[in-house]
Amino acid sequence: VRALALHPDVLVVTSAVLHANCVIVRGGLERGAADASAGPIEVIEPAAEQAQGETFVIDSPVLPDELDALSAVVEQARFPSPSGLLATHGDWDHLLGRLAFPGVALGCAESTAERLRSSPGAAQRELRAFDEDLLIERERPLALGAVQALPVPGRCDIGDREIELHPAAGHTADGMAVAIPWAGVLVVGDYLSSVELPTLEAGGDPGAYLATLERLRGLLESAQHVVPGHGPVLAADRALAVLEEDAGYMRGLVRGEDAELPPGRSSASHRRTHAANAASVHDPR
Ligand SMILES: [Zn+2]
């Protein structure tokens, strides 16, 4: 698998399908000599080679080999083994972390936990349909376990650090963006993709979508790298350009114009997405 380091604490693994991005983040520093302050009692620690702190995995790659490789990627980076999984939203392709780390709890926005509760088995059904289409076999079924609902907006401790959770609905009815402030990384879920058209799925809403874009606009000011759910990692200025295109597209969709698609996102597949978006705005699901 390809793993890209955006910062000493942040890696991105990209799936060969759907250009799905998975972010691995480590909070807390390796403590070495920093603990050597002399106290009355000298504590002799074993050679503290091991990384301290905490590792979270945000979203997931899709293919079985990629999921199997995740723990090796974490080890090679000398990050502690993951103690938490996060999903930006409840679409199946963001929920597969438990296939890589079955014992680790999955955390998500309250809105996502509610969605998963109210449609049990939906992610598993969609995963199965995807796998059947591509003849993919998996060793075990996806079990989400006891999903932990996180307050959004909110903060979440990771080692000595904090990540920020920001509401991000509109693509679906649920979701959050995750800011990693000390690394200048913003993980946005299915927004700000330079290769996908904005997509309104079941529960999606153009007004909420536009509100999310405005919230992301503010967050971009303190970000260097933006990781979309699908597509290349973007520098903040490029992400802002995508944001403007997407906001323009979404406003055109609401006005019922036969919106011109953004340059580079007007293939037959994008036009099908656009037709579905237009249908859902005029006849909400
Ligand atoms: Zn997605």
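Above: the structure in question.
The text that follows walks through the structure, step by step, so that each part is easy to find. (Residues numbered from 1 in each chain as written. Predicted model: local features only at pLDDT ≥ 70, side-chain atom pairs only at ≥ 80, totals over all residues. Heavy atoms only, no water.)

## Quick look at the overall build of the protein
A count of helices and strands for the protein gives 7 helices and 13 strands. Taken against the 2.2 N^0.38 rule, which gives 19 Å for 285 residues, the C-alpha radius of gyration of the protein at 20 Å falls within 12% of a compact globule. Principal axes of the C-alpha set define a box for the protein whose edges measure 75 × 45 × 30 Å. Counting all 285 residues of the protein, 48% fall into the buried class. When contacts within the protein are restricted to residue pairs at least 6 apart in sequence, those whose partners lie at least 24 apart make up 68%. If you sum the accessible surface of the protein, you get close to 13700 Å²; carbon and sulfur atoms cover 52% of it. (Helix = DSSP H or I, 4+ residues; strand = E, 2+ residues; numbered from the N terminus. Rg over C-alpha atoms; globule rule 2.2 N^0.38 Å. Buried < 20%, exposed > 50% of the residue type's maximum accessible area, 1.4 Å probe, protein only. Contact = heavy atoms within 4.5 Å. Areas by Shrake-Rupley, 256 points an atom, 1.4 Å probe, with all protein chains shown as cover.)

## Observations concerning helix H1 (residues 64-76)
In this model H1 runs 19 Å from its N-terminal to its C-terminal C-alpha over 13 residues, within 8% of the 18 Å that 1.5 Å per residue would give. If you look at H1, its biggest bend is around 35°, right at Leu70. When we look at burial in H1, the residues that qualify are Glu66, Leu67, Leu70, Val73 and Val74. Where H1 terminates, the next one or two residues include Arg78, which has phi positive at roughly 60°. (Expected span 1.5 Å × (residues − 1). Bend = angle between axes of the 7 residues up to and from the residue.)

## Concerning the sheet that holds strand E5 (residues 84-87)
Read across the sheet, 7 strands follow the order E1-E2-E3-E4-E5-E6-E7 without closing on themselves; strand pairing throughout is mixed. In this open sheet, the two strands that pair with only one neighbour each are strand E1 (2-7) and strand E7 (148-150). The average angle at which neighbouring strand axes cross in this sheet is 25°, direction not considered. Examined bridge by bridge, strand E6 (residues 106-109) and E7 share 3 bridges and lie parallel to one another. Across the sheet, Gly107 pairs through a bridge with Gln148, a residue of E7. Relative to E6, helix H3 (residues 110-118) is tilted by about 110°, and along the sheet it contacts E6 and E7. (Pairing = 2+ DSSP bridges. Axes fitted to C-alpha atoms, helices over the stretch in contact; angles between N-to-C directions.)

## Some remarks on the packing of helix H5 (residues 206-220) against helix H6 (residues 236-255)
Where H5 meets H6, the axes come as close as 10 Å, and the angle between the chain directions of the two elements is 160°. The angle between H5 and H6 places the two elements in the roughly antiparallel class. Crossing of H5 against H6: the hand is left-handed. From H5, Pro206, Tyr209, Leu210, Leu213, Leu216, Arg217 and Leu220 reach across to H6, where they touch Ala236, Ala239, Leu240, Leu243, Glu244, Asp246, Ala247, Met250, Arg251 and Val254. Of the residues in the contact of H5 with H6, the class split is 13 nonpolar, no polar and 4 charged. (Parallel < 35°, antiparallel > 145°, perpendicular 65-115°, else oblique. Left-handed = near helix turned anticlockwise from the far one by under 90°. Nonpolar A, V, L, I, M, F, W, Y, C, P; charged D, E, K, R; others polar.)

## Digging into the coordination of the zinc ion
The coordination sphere of the zinc ion, as far as protein atoms go, consists of Asp93 (OD), His94 (NE2), Asp190 (OD) and His230 (NE2), spread over 2.1 to 2.6 Å. Here the zinc ion is ringed by 4 donor atoms whose angles at the metal span 79 to 166°, and the overall shape comes out irregular. All donors of the zinc ion belong to a single chain; written as a sequence motif, their spacing is D-H-x95-D-x39-H. Here His94 is found in the loop between E5 and helix H2 (97-100), whereas its partner His230 is found in the loop between strand E12 (225-228) and strand E13 (234-235), with 136 residues between them in sequence. This pair shows no difference in class: His94 is buried, exactly as His230 is. (Donors = N, O, S within 2.8 Å, 3.2 Å for Na, K, Ca; no water. Tetrahedral: all angles 85-135°; square planar, octahedral: opposite > 155°, others 65-115°.)

## Digging into the pairing of E1
The pairing of E1 with strand E2 (residues 10-14) spans 5 bridges and is antiparallel. Paired with Arg2 across the strands is Thr14, a residue of E2. Linking E1 back to E2 in an antiparallel pair, the connection comprises 2 residues.

## Here's the deal with the pairing of strand E11 (residues 185-189)
Counting buried positions over the 5 residues of E11 gives 5, a clear majority of the element. Bridge count between strand E10 (residues 176-180) and E11: 3 bridges; the pairing is antiparallel. Following the sheet pairing, Val178 is matched in E11 by Val187. What sits between E10 and E11 in their antiparallel hairpin is a turn of 4 residues, with Gly184 showing a positive phi close to 65°. Looking at chain direction, E11 and E12 are connected through 4 bridges and run parallel.

## Some thoughts on the sheet that holds E10
Reading across from one edge, E8-E9-E10-E11-E12-E13 is the order of the 6 strands in this open sheet, with mixed pairing throughout. Because the sheet does not close on itself, it has two edges, and the strands there are strand E8 (154-158) and E13. Against the sheet, H5 makes contact with strand E9 (161-167), E10, E11 and E12, and its axis sits at roughly 170° relative to E11, the strand it touches most.

## A word on the packing of H6 against helix H7 (residues 268-282)
Contact geometry for H6 and H7: axes closest at 9 Å, N-to-C directions at 50°. Our classification of the angle between H6 and H7 gives oblique. As for how H6 packs across H7, the hand of that crossing is right-handed. Two secondary-structure elements touch here, H6 through Tyr249, Leu253 and Val254 and H7 through His274, Asn277, Ala278, Val281 and His282. Classifying every residue of the contact of H6 with H7 by side-chain character gives 5 nonpolar, 3 polar and no charged.

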